[in-house]
Each structure stands twice: as structure tokens, then as C-alpha cells.
Amino acid sequence: MTDSTSQAWAALKALEKPTLAQLFAAGDRLKAFSEKLDLPGGAIRFDWSKTHLDAAHVAAFETLAEITGFAQRRAAMFAGDHINITEDRAVEHTAQRGVGRESSVEEAEALHLRMKGLVEAIHQGKLGEVKHLIHIGIGGSALGPALAIDALTRDGAMVDVHVVSNIDGLALEAAFRACDPATTMVAVASKTFTTTETMINAASTLDWLRSNGVADPYGRVVALTAYPDKAVEWGVDETRVLPFSESVGGRYSLWSSIGFPIALAIGWDEFSEFLGGAAAMDRHFLATDGAANLPLRAAFADLYYTHLRGCQTRAVFAYDERLRLLPSYLQQLEMESNGKSVMLDGQPVDGPTAPITWGGVGTDAQHAVFQLLHQGTVLLPVDFIAAIQPGDDLSPDHHRNLLANCFAQGAALMAGRAAKDPARAYPGNRPSATMLCDEINPATLGALIAFHEHRTFANGVMLQINSFDQFGVELGKEIAKAIVAGDAKFDPSTEALLAEAGIS
Ligand code: F6P
């Protein structure tokens, strides 16, 4: 950490920390901290007024952003510079939605055109009858497709997609039970085309097709990968390999051919709207400076809570059933990106990096974990996400109560309530932020995801870490491989477990 960065942090830590009640009493919080962003799929309101950010903190965080080179790093990312320094790679997921280095945007457009051709051929029945797709992938090759398909196909899907990620055979068996082998296609989604879980699940799916009368199981496979040669070597016909650039990180890959199952389920036009919503957020992020930049402002609040208030977790609650998978999507995005301990220069970080992201769906979570939010001993910032338009056709009572509960939680956390009986008292002064969409549709979902990608990036810049590698996942993988190969000795505890389970 440079002297100027240390000074910026010292200045931040020295600032007074008014309560939320004091902040609301002191000025127009909505004017300063709540913004409505008009986007292609409708507006999203980003209300950060119930956080503890004030003008002084914002100014000090703007200084930190300047010192850590936020504007330059943002420009470098969109220019396709190799900002992922440990892997010597560009970071170009935004090019997938048309924003970035010209040559990368053109390459992405050409690959999308190829994907569109295959998606439309399947929809038109040119590859025979296709009713089901088993999409096999894990991490970034599964979480994005699962989220988008779950969110956007509530009225039915053009093809019935089953996303299978876990190596536990139960997951694949559930998909087999739901699909007719005669009308099932398989997508093998893996950036590297080496991931053990995916390759074992893919092989078992071929066996299932074969043993159920499909003469040429490979003829049913589409490969989605940054390493097309590996897919061809594995047996996929090259006409059904949909490549994407190595510069698209796994957890940022749903915009690339990893989004093939999304396009197959919702149709190409809607998939284009999904990309368009994300592109609109890219343009906001690229063109807006200081705290008016909404992902950057959110990152200011994130760092306020981790560094200035010692918060170890941040929770996100979707008050919309369609977004129930968003918390697990965000867990990978945020924790795999920023769960780091060294800075760009290899020095240990001085202070916390990513908090633990967790969450759930409202109103279910209220009846399970909100007790701790209101009266527990930890302070933890909460994000609420909701939509004004309901997704259901039932009585308006459902949606009115859903939204009433969402807004009630934010109000209650902030206001609290005094009581004579301490067990019945609520301390209040507990922060939350709310994202309120006009509606949930492909474009708003795209914008919401892109908002979180940029928020994660902005956090990483100010923490001076590389948000785009993930070496922390490798050691466990290597040890698992050694166990399966039976060629390693471990500690007595691990050896005993292996012996008990009969796999040593
Ligand atoms: O092990 C972590 C990870 O590399 C993630 O970053 C990635 O999204 C996932 O595994 C799957 O990788 P792949 O797409 O290469 O199969």
C-alpha cells in the first residue's frame, strides 16, 4: 500500500460516523443517495440512502478511487489491456455485449452470430425434435445460465433446460428422469474443457443417451468453450462447438456462448435484450465519474462497512421469486473475484477484502434469518431487490404484500424500536440498500448483473487486488485428484476418513 493510499484510509477512518437517523435529519438523503436509472427494459432505482455514506465519506472514497487509479483501470479494462496480471489476460466480458475494444467486440459479434444460427436451427427443428437440453457445467459455466433461465422462463421455455453442475450423480439422475433421451440435446459448458465434474457428467450423459437407444450420442452434443480444440478432441463435431474468447472470465461468461442455453430457452431476441440491458449499465459505468457512478457508489458503501465498521458479511435478499438464484450467482461473482489476500504488487493486503456474500429470497428469509439482522450482535449491510410489476397473475394481494414486506424490513432495520423489555427492543441504525426495478425482464436482469460485475470490479480496484484470477480453488482440486489417483499420503485425520469411506 502506498503512503497516499494509507493516508486516504486513515482519513476515512478518522471521519465521524453519524447514525442513519442523524443523516436523515441533516439533509435530503434521497437527493444525494437515491437515483433512478432509465434503462432499456425500464428504470431501476438505486436507493443507497439507508446506508451510512455521507458527503464526507463520499468525498474521501472519491479520493481513494482517484489514488488507486479507478478511472485508468476502468479505461484499461474496456480497452482490452491485460489487467489480469497474474494470468496475463485481458478482461473483456463487456465486449460480449458490444462495449469495449473494437476488435474484441467484432469477434464477439461474429461468435454470437454463429450461436444464433445454431439456436435458430434448433428452434426451427432443423436438428430434429429437441424438447430438452441438459446443460452441463459448473461455477461460472452453470450459475449464470441457471439464474437467467429460472428468472426469465416463468411463462414457459422454448426448450426445457436442466442445468447440472454437481459431481454427485444424483444431480444428473434428476435431469435424466425429467428428459426423454430421444429428444434431448446436451451442452457441455466449460471454459477450459478440463473441469473434472463437467467431464465426468458429460461422459455419463453420453452413456445414458447410448444406453437409451441414441446411436450417435456425440451428435447430440454442443460444446461451449474457450478451447475449441479440446472439445473437438473429446469428440464434438466442430460445427457444434461454440467458442468464446479466453479474455472472458468464467464467472463473467454468461454473455458469451456459455449463454447458449439461455438463448435456447428464451429465444434470440430476448437474449439480445439481455445483452442490451448489460450494455446500458456498461455505458453508465464507463461514462459517469465519482459517486454518481452507481456501481462505484455501491463499492464505497461496501468498503465503508468492511473497513470502517468491521462487517464480515453482506446479505442480498431478492423480494422476487424469479431472482431466487441471484444470491448464489453473486456469491461466486464477489467471493471468487475479491476473496484475495495479496495486492497487485504481491504484498499482503492491509485489511479485509471481500466480505462473505450470502442471502436468500423474501419473504421466506424473514421467517428464518431476519431475527439476527434485527437483534443480533453483528452489524451487516443488506441489499434488497424488488420489482414494481408483479411476475404473477394472482390477486394483487400477493405482490402488494411482497413489496410491503420488502420496504418494511429496510424501514425497521433503520428505525428500530425502543422497548422497556430489552428482549423486545430493536436497536435500529442498521443499514440497507434497495434496488427497485420497474419490472424483471431480460434487459433489467442484464443490467442488474452488469451492475454487480462493475461493483465487484470497483471494489477490487480500490482494494488494489486482481479480481480476475482464482488460484485459491486449485489446491483442493489437486488434492482431490491425488486422492482419486491413490498416490498421496495425508494427515491422520484425512487418512482415517479415506479409509472409513473405502476410497483410499
Ligand atoms: O474452480 C473454479 C472455476 O475455475 C471457476 O472460476 C469456473 O467458473 C469454474 O471453475 C468452471 O470452470 P470451467 O468453465 O473451465 O469448467
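Provided above is the structure to which this section pertains.
Residues numbered from 1 in each chain as written. Predicted model: local features only at pLDDT ≥ 70, side-chain atom pairs only at ≥ 80, totals over all residues. Heavy atoms only, no water.

## Some points on the overall build of the chain
Logical step 1: In terms of helices and strands, the chain carries 19 helices and 11 strands.
Logical step 2: Looking at the chain as a whole, 53% of its 504 residues qualify as buried.
Logical step 3: For the chain, the share of sequence-separated contacts (at least 6 apart) that also reach a separation of at least 24 residues comes to 75%.
Logical step 4: Accessible area for the chain stands at about 21,500 Å²; split by element, carbon and sulfur atoms hold 53% of it.
Logical step 5: Charge separation in the chain, taken as the distance between the mean sites of 40 positive and 61 negative side-chain charges, equals 5 Å. (Helix = DSSP H or I, 4+ residues; strand = E, 2+ residues; numbered from the N terminus. Buried < 20%, exposed > 50% of the residue type's maximum accessible area, 1.4 Å probe, protein only. Contact = heavy atoms within 4.5 Å. Areas by Shrake-Rupley, 256 points an atom, 1.4 Å probe, with all protein chains shown as cover. Lys, Arg positive; Asp, Glu negative; His and termini not counted. Charge placed at Lys NZ, Arg CZ, Asp CG, Glu CD.)

## Overview of the packing of helix α13 (residues 294-308) against helix α17 (residues 442-463)
Logical step 1: Packing of α13 against α17 brings their axes to within 8 Å, and their N-to-C directions diverge by 55°. Classed by the angle they form, the pair α13 and α17 counts as oblique. For the element pair α13 and α17, the recorded crossing hand is right-handed. Where α13 approaches α17, its residues Leu-294, Pro-295, Leu-296, Ala-298, Ala-299, Phe-300, Asp-302, Leu-303 and His-307 are matched on the opposing element by Phe-451, His-454, Arg-455, Ala-458, Asn-459, Met-462 and Leu-463. (Axes fitted to C-alpha atoms, helices over the stretch in contact; angles between N-to-C directions. Parallel < 35°, antiparallel > 145°, perpendicular 65-115°, else oblique. Left-handed = near helix turned anticlockwise from the far one by under 90°.)

## Quick look at the sheet that holds strand β2 (residues 44-47)
Logical step 1: Across the sheet, six strands lie side by side as β1-β2-β11-β10-β8-β9; this open sheet has mixed pairing. Strands at the two margins of the open sheet, each flanked by one partner only, are β1 (34-37) and β9 (356-361). Taking the axes of each pair of neighbouring strands and ignoring which way they run, one obtains an average angle of 15° across the sheet.
Logical step 2: Sheet topology places strand β10 (residues 382-387) next to strand β11 (residues 432-437); six bridges connect them, and they run parallel. Residue pairing in the sheet places Ala-387 in a bridge with Cys-437 of β11.
Logical step 3: Along the sheet face, helix α14 (residues 326-338) touches β8 (313-318), β9 and β10 and points at about 170° away from the line of β9. (Pairing = 2+ DSSP bridges.)

## Comments concerning the packing of aromatic side chains
Logical step 1: Evaluated as defined, the whole model comprises 19 aromatic pairs.
Logical step 2: When the centroid spacing of 4.4 Å and the interplanar angle of 5° are considered together, the rings of Phe-176 and Trp-208 count as stacked. With Phe-176 in helix α8 (residues 169-178) and Trp-208 in helix α9 (residues 196-211), this residue pair connects regions lying 32 residues apart in the sequence.
Logical step 3: With a relative accessible area of 11%, Trp-208 lands in the buried category. (Phe/Tyr/Trp six-rings, centres within 6.5 Å; stacked < 30°, edge-to-face > 60°.)

## A word on the side chain of Thr-183
Logical step 1: You can see Thr-183 is positioned in the loop between α8 and β5 (184-189).
Logical step 2: The exposure class assigned to Thr-183 is buried, which follows from its relative accessible area of 6%.
Logical step 3: Look past the residues within four positions of Thr-183 in its chain and what remains in contact with it is Glu-129, Val-130, Lys-131, His-132 and Arg-220.

## Quick look at unusual backbone geometry
Logical step 1: Each neighbour pair has its own omega, and for Gly-362 with Thr-363 the value is 10°, a cis peptide bond.
Logical step 2: With respect to the element layout, Thr-363 can be found in the loop between β9 and α15 (370-375).
Logical step 3: The backbone of Asp-88 sits at a positive phi, close to 50°, despite the residue not being glycine.
Logical step 4: Relative to the helices and strands, Asp-88 is located in the loop between α5 (70-79) and α6 (102-123).

## Regarding helix α1 (residues 3-14)
Logical step 1: Over its 12 residues, α1 extends 16 Å from the first C-alpha to the last, a length consistent with the 16 Å expected when each residue adds 1.5 Å.
Logical step 2: Here α1 has its buried residues at Thr-5, Ala-8, Trp-9 and Leu-12. The arc that holds the buried residues of α1, viewed along the axis, is 95°, so those residues lie on one side. The outward face of α1, more than 90 degrees from its buried face, is lined by the exposed residues Asp-3, Gln-7 and Ala-14.
Logical step 3: On the buried face of α1, the contacting elements are α4 (55-67) and α13. (Expected span 1.5 Å × (residues − 1). Arc of directions from axis to C-beta.)

## Here's the deal with the site of the ligand
Logical step 1: The ligand sits among 13 residues. The nearest are Ser-141, Ser-190, Thr-192, Thr-195 and Glu-336.
Logical step 2: Interatomic distance of 2.6 Å between a side-chain N/O atom of Thr-192 and an oxygen atom of the ligand.
Logical step 3: The contact in question runs from an oxygen atom of the ligand to an N or O atom on the side chain of Gln-332, over 3.2 Å.
Logical step 4: Summarising the interface, the protein chains cover 88% of the accessible area of the ligand, which totals 390 Å² for the free molecule.
Logical step 5: Each residue belonging to the shell around the ligand can be placed in one class, and the counts come to two nonpolar, eight polar and three charged. (Near = heavy atom within 4 Å. Polar contact = N/O pair within 3.5 Å; in protein donor to acceptor, adjacent residues only side chain to side chain. Nonpolar A, V, L, I, M, F, W, Y, C, P; charged D, E, K, R; others polar.)

Just distances and angles here, no functional claims.
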